[in-house]
Amino acid sequence: MSQKTASPERHEFQAEVKQVLDIVVHSLYTDKEIFVRELISNASDATEKLRHTQITEKEIFDADLDLEIQVTSDEEAGTITICDSGIGMTRSELIENLGTIAHSGSKQFLNALKESGERNENLIGQFGVGFYSAFMVADKVDVYTRNWQNDGESLHWSSDGSGAYEIAVIENERRGTRILLHLKEEYKEFAKKDRLEGIIKNYSAFVQFPIKVEGEELNTVQAIWLKNKSDITDEEYKEFYKFQANAYDEPRFWLHFSADAPLEINTLLYAPTENMEGFGFGRMEPGVSLYCRKVLIDSDPKNLLPDWLRFVRGVVDSADLPLNISRESMQDSTLIQKLNKVITKRFLKLLEEKAKKEPEVYDDFWGKFGLFLKEGVTTDFTHRDQLLKLLRYESSYTEEGKTTSLADYLSRATDGQKEIFYLSGTSRAAIESGPYLEAFKGRNIEVLFMFEPVDEFVMNHARSFEEKSFVSADSDEIDLDAIAPETDTDKEAALDSAASDSLCTFIKEKLGDQVSEVTASERLVGSPAMIVSGDKMMTAQMRKMMKAMQQDGGMMGGEPPAKLQINPRHPLVKNLSNLSTSDNELASIISLQILDNARMAAGLLEDSSTMVQRNYDILEKLSVGTADTKKVAKKKVAKKKVATKKTTRKKTDS
Ligand code: ADP
Ligand code: MG
């Protein structure tokens, strides 16, 4: 190998270099391992410059050398060598590029190209500090270099990073640059082959020249996000997804776009097939990595995308990103905020387009990932309007399993309708058999069906869509007649208003504080009664949640009392009206039972034991006289009943 021929020339670093070196070594980078990334990026840049030079220059020294980057290490000695066959450096370049801070030979190269109207997207360096990261882990760095010109000289630059460097002339160096790091004792682990390989794969997988570690070529992958869309096959897109996201599923669809303004970005984003959170794997981590000209900056940058887009996988590459910046300071930078804005907007636009042009693809996506978009509505005010357009729900107009958008819902509503009605329930069947839908059905007013608890939060946060407010169909203050007349005209006769009023008073008296009021309602058709909410926002589902919260430690001042509405046309209600004057006791327990049944339909009845017992009481009363039961047996049953009631009360009281 090379030998020294003349005594070395000593140079002091510029005053600022000393300062910056100190900053670089002690605080600029969070992860020590990134020195590998920086030196490989420099090697790649030097190789790219050589490739570029070869196009115009015929006389190239060592013209037959393969364009590749070789990495070797000696664990015992604690050394790492990174060797390229690139453009090399002359003496003045060594002084300028490695001895001057913030001087980037790569940037100069690019500027020279620009002046002649050319571009080169492949160069990474631009800030002129990356090289110094070597001193974070090494107490001595040797740089052996031979530039590409036939009459160039072989040179040896060396420094311990403290204040000065030396340059000596040597002999027989091949073209390019060889950097030898003497690792500090505590960083010798970086010389392990596995460790080195891992770091290179992580940060430099997309470098365009082959990288060999101990002679073994690492599988580098093409940075397809920088290629033209028309040059990439679907297969390549899918392969890249699996590589980048470490995924086993196929991507559902992807978004590949570039922009020059306001930022220079190249982005490739994927929607996965499977929702891992849906499988119960816990909260997903964001999966879009941030690159600057093919080199990884951060594999899980915070704030690059809103939280609700954490299922998205892919790459964002921005040439405007400073390579030499710590992760912490980057997360809050305005640059990241700008990227976030541009990317989120484009991704939402993609979803909107999918919904319009490929509704089946979108519906399937909605089925698996709809929850994330709902989360977005409740947490991301900036994108709420766009997100609302993407919501899909089953409704009283759709078939089972089919959904509608809010816009389509409104397109079917009459001009008089100022609301978007919805009902929550555990299933379509539960909602359809409940008492609330009847009146809407009878007037052909569409009601959205919501099956997930989060839906109520979504409606509450969003409040309205295109100026039509979301209203739960179990709310009291709905004037359906103002929207549409009832279609069914021949209906069962109702109790007259005097009888209906006195029945309401009777029931209220029996139910006491369990309800705030009892009224007759025209909204009911086939059911005798229902619980409605006086507060449009306080739906049955919300009550249920509040109740649950009270049980786990308690908050707020108790469950707000519900209103009971009875159906004056229903035979049971009509009979009860008579019974209230003839058999006060039976009418009382039937009133209680009606309340519990209505609670059950609203999903508000948690402990059914009291209700079941009362049901038996009613059955027993009705069967009196038809059976000739023995008095002894009856007494036993009565005793047992008291015991059961006591335990039930204990349970509900606690
Ligand atoms: P940057 O890469 O941002 O320009 P660096 O501090 O990493 O800053 O490198 C400074 C300069 O040193 C580079 O721009 C380049 O001109 C020169 N340089 C560094 N490494 C090499 C190399 N392996 N071969 C040739 N030149 C190099
Ligand atoms: Mg660099």
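Residues numbered from 1 in each chain as written. Chains lettered and ligands numbered in written order. Predicted model: local features only at pLDDT ≥ 70, side-chain atom pairs only at ≥ 80, totals over all residues. Heavy atoms only, no water.

K.L.:
How do you make sense of the confidence of the model for the protein when you look at a structure like this?
P.N.:
Reading fine detail from the predicted coordinates is not recommended where pLDDT is low. Mean pLDDT over the protein works out to 86, with 88% of the residues at or above the 70 mark. Counted against residues more than four places away or in other chains, residues 553-557, with its pLDDT under 50, gives seven contacts. Throughout residues 632-654 the model reports pLDDT below 50, and contacts reaching past four residues in sequence, or to other chains, amount to 12 contacts. (pLDDT = per-residue confidence, 0-100. Contact = heavy atoms within 4.5 Å.)

K.L.:
Where do I start with a positive patch on the surface in this structure?
P.N.:
A cluster of like positive charges, contributed by Lys229, Lys341, Lys345, Arg346, Lys349, Lys356, Lys357 and Lys389, occupies part of the molecular surface. As for its position among the elements, lysine 345 is in helix 9 (residues 334-357). (Patch = residues over 30% accessible without salt bridge, like charges linked within 9 Å, V, L, I, M, F, W, Y side chains within 5 Å. Areas by Shrake-Rupley, 256 points an atom, 1.4 Å probe, with all protein chains shown as cover. Salt bridge = Lys/Arg side-chain N within 4 Å of Asp/Glu carboxyl O. Lys, Arg positive; Asp, Glu negative; His and termini not counted. Charge placed at Lys NZ, Arg CZ, Asp CG, Glu CD. Helix = DSSP H or I, 4+ residues; strand = E, 2+ residues; numbered from the N terminus.)

K.L.:
Explain a nonpolar patch on the surface to me, please; I cannot follow it from the model alone.
P.N.:
Residues Met276, Phe279 and Phe281 make up a contiguous nonpolar surface patch of roughly 340 Å² in combined accessible area. Checked against the element boundaries, phenylalanine 279 lands in the loop between strand 11 (265-272) and strand 12 (287-292).

K.L.:
Which parts of the structure should I look at to understand the sheet that holds strand 8 (residues 211-213)?
P.N.:
Within a sheet, neighbouring strands are paired by backbone hydrogen bonds and run either parallel or antiparallel to one another. Sheet architecture is open: nine strands sit in the order 1-6-5-4-7-3-2-8-9, paired in mixed fashion. Edge strands, defined here as strands with exactly one partner in the open sheet, are strand 1 (9-12) and strand 9 (216-217). Pairing of strand 2 (residues 69-74) with strand 8, which is carried by three bridges, proceeds in the parallel orientation. In the strand pairing of strand 8, valine 71 is matched with valine 213. Packed on one face of the sheet, helix 2 (residues 34-56) meets strand 2, strand 3 (79-84), strand 7 (176-183) and strand 8 and runs near 20° to strand 3. The strands touched by helix 6 (residues 193-204) are strand 2, strand 3, strand 8 and strand 9; relative to strand 8, the strand with the most contacts, the crossing angle is about 165°. (Pairing = 2+ DSSP bridges. Axes fitted to C-alpha atoms, helices over the stretch in contact; angles between N-to-C directions.)

K.L.:
Looking at this model, I keep getting lost on the site of ligand 1. Mind explaining?
P.N.:
In the vicinity of ligand 1 lie 19 residues, with Asn42, Ser104, Gly105, Ser106 and Gly128 positioned nearest. A distance of 3.2 Å is found between an oxygen atom of ligand 1 and a backbone nitrogen or oxygen belonging to glycine 130. Threonine 177 places a side-chain nitrogen or oxygen 3.2 Å from a nitrogen atom of ligand 1. Here ligand 1 has 530 Å² of accessible area as a free molecule, and 96% of this is covered by the chains. Counting residues per element, the ones that place at least two in the shell around ligand 1 are helix 2, helix 3 (91-99) and helix 4 (105-115). (Near = heavy atom within 4 Å. Polar contact = N/O pair within 3.5 Å; in protein donor to acceptor, adjacent residues only side chain to side chain.)

K.L.:
Mind showing me how you'd approach the environment of glutamate 277 here?
P.N.:
Within the fold, glutamate 277 resides in the loop between strand 11 and strand 12. Given a relative accessible area of 23%, glutamate 277 falls into the partly exposed group. Measuring from C-alpha to C-alpha, the distance between glutamate 277 and phenylalanine 372 comes to 10.0 Å, with 95 residues separating the pair along the chain. Those residues in contact with glutamate 277 that lie beyond four places of it in its chain are Gly282, Arg283, Met284, Arg310 and Phe372. (Buried < 20%, exposed > 50% of the residue type's maximum accessible area, 1.4 Å probe, protein only.)

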